[in-house]
Amino acid sequence: MTFAAPIPAPDMPADRAFQVTLLEDRDQLCAWADRWRSLESVSVGSGGVFQSFDWLRPMMNLTDRQPCVVALEDARGPAVIAPFSLVSWGGLQVLEWLGEPMLAYGDLLARADVDVIESLGRGLAFLQQKGRRLDALHLRKVREDAAIAPFLRKMGAPCGSSRSPHTDLREFPNFEAFLASRNKRSMKGYRRRSRRLAEEGKLHFRVHRAGPEAQTLARKGLDLKLEWMRAQGRVSRTFSSAARLEALIAGVGEQATGACVSGLFLNERPLAIEIGYIQNSHYYSFMGAMDLDYSANSPGNLQIMETMRWCFNQGITVFDFLPPESDYKRSWATGDLGLSDYCFAFTPLGRLYSDLYVKSLHPLLLRAQAGAPSFVRGLSNLWLSRKGGKMEDA
């Protein structure tokens, strides 16, 4: 039986010495808020909004995980922030991303001049020296261009992979040119369904930036999402926690998160709603939901089309559909990026978690429930929702 090697603290030249700080409660995290935000502005990390202080802040008080953020400074200031959390299942201690399970991308923040392999090795060794027992390191949704990816690849091979579709709006002179590049039959069908809906009343689209109106519309979107999940016999650990959903809504109310909520309405009835975030001209399509009574008219795709049009008019350069990939996302996307999950064991208990559950039982459950009847999917998803299943697709 083999384990990941203990994480050594690398030798540091005097001019690259790091001061390492472990942030484990809300007060410590908030004391670092300004330094965290300053690092966001210069970071080479790929996590975008999902590693920002303001997106993570509403989740810092959730009781299902202990913040375990590793922060490093040098003579130039903040150098690396690794937003980890420690999750306990019985006697098992697993280091995960702080934003799990809601985040769509996992990465750390790092200055471009910092050697991530060297500095993160120092940071994790410090964590262990402080007496934090780590049975396993389990980091999901790591993009192929992530700052942390070289460190993880050096530790070993990924245990899972997926793709994340996106559209680069800079490839098109105007939005009509983008629509012309899509499947002509699909576009014709969307126009026909839009006309059909307009015959029933006033069909209109609007976007609310972060604030009370966005929160109200987001709550309705969550209601529609949960209704769809019940109809499909699906459960996820994201949507099974009322406290986590309240944290999500709290963030939608804060302008610093870049949240915006879009909706397609028939008169005043929302037919499709999407929660998204904007950071650095990059739009993250986080969660979509539709009114099942109108599903035959594809309100979700009509809303996506109008949200993309709005993004184009706002000067957004990338519309990111986020993982997991799906047919409808691929139909709108112009490209994609690979993502990997990594799980490394440090103890015999961690080896059981990594080999028996993460690499064996969990994939088996995912494959089994994909083609199962809805009531069977519901039972298997109850287990997946507790132990690390995927966030359901919109």
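Residues numbered from 1 in each chain as written. Predicted model: local features only at pLDDT ≥ 70, side-chain atom pairs only at ≥ 80, totals over all residues. Heavy atoms only, no water.

This next bit is on the overall build of the protein chain. In terms of regular secondary structure, the protein chain is built from 13 helices and 15 strands. Taken over 394 residues, the protein chain has a buried fraction of 56%. Within the protein chain, contacts between residues separated by at least 24 positions form 76% of all contacts whose residues are at least 6 apart in sequence. Summed over its atoms, the accessible surface of the protein chain is roughly 16900 Å², and 51% of this surface lies on carbon and sulfur atoms. (Helix = DSSP H or I, 4+ residues; strand = E, 2+ residues; numbered from the N terminus. Buried < 20%, exposed > 50% of the residue type's maximum accessible area, 1.4 Å probe, protein only. Contact = heavy atoms within 4.5 Å. Areas by Shrake-Rupley, 256 points an atom, 1.4 Å probe, with all protein chains shown as cover.)

Let us now look at helix 7 (residues 184-198). Compared with an ideal rise of 1.5 Å per residue, which puts 15 residues at 21 Å, helix 7 spans 21 Å between its outermost C-alpha atoms and is within 8% of the ideal. All buried positions along helix 7 are accounted for by M187, G189, Y190 and L197. Buried residues in helix 7, looked at end-on, bunch into an arc of 160 degrees, giving them a common side. Structural note: helix 7 exposes K184, R185, K188 and R195 on the side pointing more than 90 degrees away from its buried face. Elements that come into contact with the buried residues of helix 7 comprise helix 6 (175-180), strand 10 (203-209), strand 11 (259-266), strand 12 (269-279), helix 10 (299-313) and helix 11 (327-332). Measuring from the side-chain oxygen of the N-cap residue of helix 7 to the backbone nitrogen of R185 gives 3.1 Å; that N-cap residue is N183. (Expected span 1.5 Å × (residues − 1). Arc of directions from axis to C-beta. Polar contact = N/O pair within 3.5 Å; in protein donor to acceptor, adjacent residues only side chain to side chain.)

This next bit is on the pairing of strand 6 (residues 92-97). Burial of strand 6 is extensive: six of the six residues sit out of reach of the surface. As paired strands, strand 5 (residues 84-89) and strand 6 are joined by six bridges and run antiparallel to one another. Directly across from S88, in strand 6, lies its bridge partner Q93. Hairpin connection between strand 5 and strand 6: a loop of two residues separates the two successive antiparallel strands, and G90 in this loop has a positive phi of roughly 65 degrees. Across two bridges, strand 6 lies against strand 8 (residues 136-143) in parallel orientation. Along strand 8, the bridge assignment pairs L95 with L137. (Pairing = 2+ DSSP bridges.)

Note the cis peptide between E100 and P101, where omega equals -5 degrees. Inspection of the secondary structure assignment puts P101 in the loop between strand 6 and strand 7 (109-110). For the peptide bond that leads from P323 to P324, omega is -5 degrees, which places it in the cis range. On the secondary structure map, P324 appears in the loop between strand 14 (318-320) and helix 11. Phi at S281 is positive, roughly 65 degrees, even though this residue is not glycine. Within the element layout of this structure, S281 appears in the loop between strand 12 and strand 13 (282-290). The backbone of L322 shows a phi angle near 65 degrees, a positive value even though the residue is not glycine. Structurally, the position occupied by L322 is in the loop between strand 14 and helix 11. Here L322 falls in the buried class, since its relative accessible area comes to 2%.

A few words now on the nonpolar core. Membership of the largest hydrophobic core comes to 82 residues, with the highest contact counts inside it found for F50, W55, F84, I148, Y277 and F286. Among all residues touching I148, those that are not within four sequence positions of it are F84, W97, D107, L108, V116, L120, L139 and V142. (Core = buried A, V, L, I, M, F, W, Y, C linked by side-chain atoms within 4.5 Å.)

Residues R185, K188, R191, R192, R195 and R196 make up a contiguous surface patch of positive charge. Positionally, K188 belongs in helix 7. Residue classification places K188 among the exposed positions, given a relative accessible area of 54%. (Patch = residues over 30% accessible without salt bridge, like charges linked within 9 Å, V, L, I, M, F, W, Y side chains within 5 Å. Salt bridge = Lys/Arg side-chain N within 4 Å of Asp/Glu carboxyl O. Lys, Arg positive; Asp, Glu negative; His and termini not counted. Charge placed at Lys NZ, Arg CZ, Asp CG, Glu CD.)

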